[in-house]
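So you can see what is in the structure, the chains are spelled out below.
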Amino acid sequence: MHTTQFAIHEPSTGLYEPVLALAAEETAHRPVLRVAGVLGPTARAVREAETAVALGYDLALVAASSWGDAEEAVILDGLAAVGDVLPLVGFYLQPAVGGRRFGYGFWRRLAELPSLRAIKIAPFDRFATLDVVRAVTDSGRGAGPDAVVLYTGNDDAIVADLLTRYPGGTRMVGGLLGQFAVWTAAAVVLHARIREIVTAGAPVPPALLGVAADLTDANAAIFDAAHGFRGCIPGIHEVLVREGVLAGRWCLDPAEDLSPGQEAEIDRVWRAYPHLRDPGVLGDLLSSSSAVSPGPPGAPSG
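Rules used throughout
- Residues numbered from 1 in each chain as written.
- Predicted model: local features only at pLDDT ≥ 70, side-chain atom pairs only at ≥ 80, totals over all residues.
- Heavy atoms only, no water.
- Helix = DSSP H or I, 4+ residues; strand = E, 2+ residues; numbered from the N terminus.
- Rg over C-alpha atoms; globule rule 2.2 N^0.38 Å.
- Contact = heavy atoms within 4.5 Å.
- Areas by Shrake-Rupley, 256 points an atom, 1.4 Å probe, with all protein chains shown as cover.
- pLDDT = per-residue confidence, 0-100.
- Salt bridge = Lys/Arg side-chain N within 4 Å of Asp/Glu carboxyl O.
- Buried < 20%, exposed > 50% of the residue type's maximum accessible area, 1.4 Å probe, protein only.
- Polar contact = N/O pair within 3.5 Å; in protein donor to acceptor, adjacent residues only side chain to side chain.
- 1 Å grid on protein atoms, 1.4 Å probe; cavity = no way out; pocket = protein on both sides within 12 Å on 5 of 7 lines; lining within 4 Å.
- Points joined across faces, edges and corners; volume = space filled by probe spheres on them.
- Expected span 1.5 Å × (residues − 1).
- Arc of directions from axis to C-beta.
- Core = buried A, V, L, I, M, F, W, Y, C linked by side-chain atoms within 4.5 Å.
- Axes fitted to C-alpha atoms, helices over the stretch in contact; angles between N-to-C directions.
- Parallel < 35°, antiparallel > 145°, perpendicular 65-115°, else oblique.
- Left-handed = near helix turned anticlockwise from the far one by under 90°.
- Disulfide = S-S within 2.5 Å.

1. What about the overall build of the protein chain?
Okay, step 1: Looking only at helices and strands, one finds 11 helices and six strands in the protein chain.
Okay, step 2: Relative to the 2.2 N^0.38 estimate, which gives 19 Å for 302 residues, the radius of gyration of the protein chain is 19 Å and therefore close to what a compact globule would have.
Okay, step 3: For the protein chain, the spread of C-alpha atoms along the principal axes amounts to about 55 × 45 × 40 Å.
Okay, step 4: Sequence-distant contacts in the protein chain: of pairs separated by 6 or more residues, those separated by 24 or more amount to 70%.
Okay, step 5: For the protein chain, the exposed area adds up to about 13700 Å²; of that, 58% sits on carbon and sulfur atoms.

2. Description of the confidence of the model for the protein chain
Okay, step 1: For the protein chain, per-residue confidence averages 92 on the pLDDT scale, and 94% of positions sit at 70 or higher.
Okay, step 2: The low-confidence segment residues 290–302, where pLDDT is below 50, has 15 contacts with residues more than four positions distant or belonging to other chains.

3. What about the pattern of salt bridges?
Okay, step 1: This structure, assessed with the given rule, holds 14 salt bridges.
Okay, step 2: We note a salt bridge from Arg268 to Asp217, for which the minimum N-O separation is 3.0 Å. With Arg268 in helix 10 (residues 262–272) and Asp217 in helix 8 (residues 206–222), this residue pair connects regions lying 51 residues apart in the sequence.
Okay, step 3: The class of Arg268 is partly exposed, set by a relative accessible area of 29%.
Okay, step 4: The closest approach of N and O atoms between Arg268 and Glu265, which form a salt bridge, is 2.9 Å. Of this pair, Arg268 and Glu265 both sit in helix 10, three residues apart, roughly one helical turn.

4. Quick look at the side chain of Ser259
Okay, step 1: In this structure, Ser259 sits in the loop between helix 9 (232–242) and helix 10.
Okay, step 2: Owing to a relative accessible area of 10%, Ser259 belongs among the buried residues under this scheme.
Okay, step 3: Polar contacts involving the side chain of Ser259 include one to the side chain of Asp224, which spans 2.5 Å.
Okay, step 4: Those residues in contact with Ser259 that lie beyond four places of it in its chain are Asp224, His227, Arg230 and Gly231.

5. As for empty space enclosed by the protein
Okay, step 1: Tallied over the entire structure, the rule returns one cavity of 30 Å³ or more.
Okay, step 2: Put simply, the largest cavity is a space of about 90 Å³.
Okay, step 3: Along the walls of the largest cavity sit Gln179, Phe180, Val182, Trp183, Ala186, Ala187, Leu190, Leu215, Leu276 and Leu282, which together make up its complete lining.

6. Remarks on helix 7 (residues 184–200)
Okay, step 1: In this model, helix 7 (17 residues) spans 24 Å end to end at C-alpha, consistent with the 24 Å of a helix rising 1.5 Å per residue.
Okay, step 2: Regarding helix 7, the residues found buried are Ala186, Ala187, Leu190, Ile194, Ile197 and Val198. End-on view of helix 7: buried residues confined to an arc of 110°, all on one side of the axis. When the buried face of helix 7 is taken as reference, the exposed residues oriented beyond 90 degrees from it are Val188, Thr199 and Ala200.
Okay, step 3: Turning to helix 7, the residues buried within the fold contact helix 6 (158–163), helix 8 and helix 11 (279–286).
Okay, step 4: After helix 7 finishes, the residue Gly201 shows a positive phi value of roughly 65°.

7. Description of the nonpolar core
Inside soluble globular proteins, nonpolar side chains tend to come together where they are buried.
Okay, step 1: In terms of nonpolar packing, the biggest core is built from 41 residues, with Val159, Trp183, Leu190, Ile194 and Leu208 touching the most fellow members.
Okay, step 2: Only helix 6, helix 7, helix 8, helix 9, helix 10 and helix 11 provide two or more residues apiece to this core.
Okay, step 3: The element that contributes the greatest number of residues to this core is helix 8, accounting for eight residues.
Okay, step 4: Val159 has contacts with Leu190, Ile194, Leu208, Ala212 and Leu215, leaving out every residue within four places of it along the chain.
Okay, step 5: Among the nonpolar cores identified, the runner-up in size contains 40 residues, and Ala45, Ala52, Trp107 and Ile121 belong to it.

8. Thoughts on the packing of helix 7 against helix 8
Okay, step 1: The N-to-C vectors of helix 7 and helix 8 enclose an angle of 140°; their axes lie 12 Å apart at closest approach. Comparing the axis directions of helix 7 and helix 8 gives the class oblique. Where helix 7 crosses over helix 8, the two elements pack in a sense that is left-handed. Here helix 7 contributes Leu190, Ile194 and Ile197 to the contact with helix 8, which in turn contributes Leu208, Val211 and Leu215.

9. Some points on the environment of Thr216
Okay, step 1: Considering the arrangement of structural elements, one finds Thr216 in helix 8.
Okay, step 2: For Thr216, a relative accessible area of 31% gives the class partly exposed.
Okay, step 3: Between the alpha carbons of Thr216 and Val159 there is a distance of 9.1 Å; along the sequence they are 57 residues apart.

10. Concerning the state of the cysteines
Okay, step 1: All chains considered together, the criterion is met by zero disulfides.
Okay, step 2: In this structure Cys232 is a free cysteine whose sulfur lies 8.8 Å from that of Cys251, the closest cysteine sulfur available.

Set out below in structure tokens:
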């Protein structure tokens, strides 16, 4: 949804099916789960889920906020209708980019849907994050064969979310993050190291705490936190251009571009945190329990 952009869902673009078809073709011979982004309200969500099924997708990632200001009961009925077509991944989108606040009761009822397989938790809010985790735990689906798998979408707390044992022993197992659209090879190394620590019950290395702060700072620049995330899509694109993945940072909306000062901020974090984009360097850094984040050039060590 980040690099393809939410605008592909608009009928005027005519891009929803072509984008999903291209992704399905590219992954046809790979052992992966194919997750289609689906938006409400109900009629559109069901139609998009049917398109995804026809293309061989396994799950529908559905933003609850895409029903607008509809009553929660209406949204839950809509999500159930999508779940009749394709198993669900719930999506808690932060209000700053069009999301909506949902309380414990909403997530508790959602967890009762047998079609629910996972939730992407991305409210960028610790209180709201705990609402979801507690709801899933209280539903009895925090563990076991019928568990709802939890993923962090909180780009401001990636490492903390992946390390934390939440109340009831529930954990987030991975990240569905715009941040992981860039510096992806290094993100794989970071996630693997966190899983090793969590699985072994080992102490958290100081280096990892440093990397957590570095990553949050870098994300603030890429996602344009200073301007309410208005430049998040072109910010991601700008980094992908620098990595040689995209030819330009153009968006479907020609007027959508970096915010004032955002390019300079991306320059800053690009220079300050080279380890975040180099899997070899990051792996070496995280392999030492006594290492600390190198920080910006010229920063004092120790």
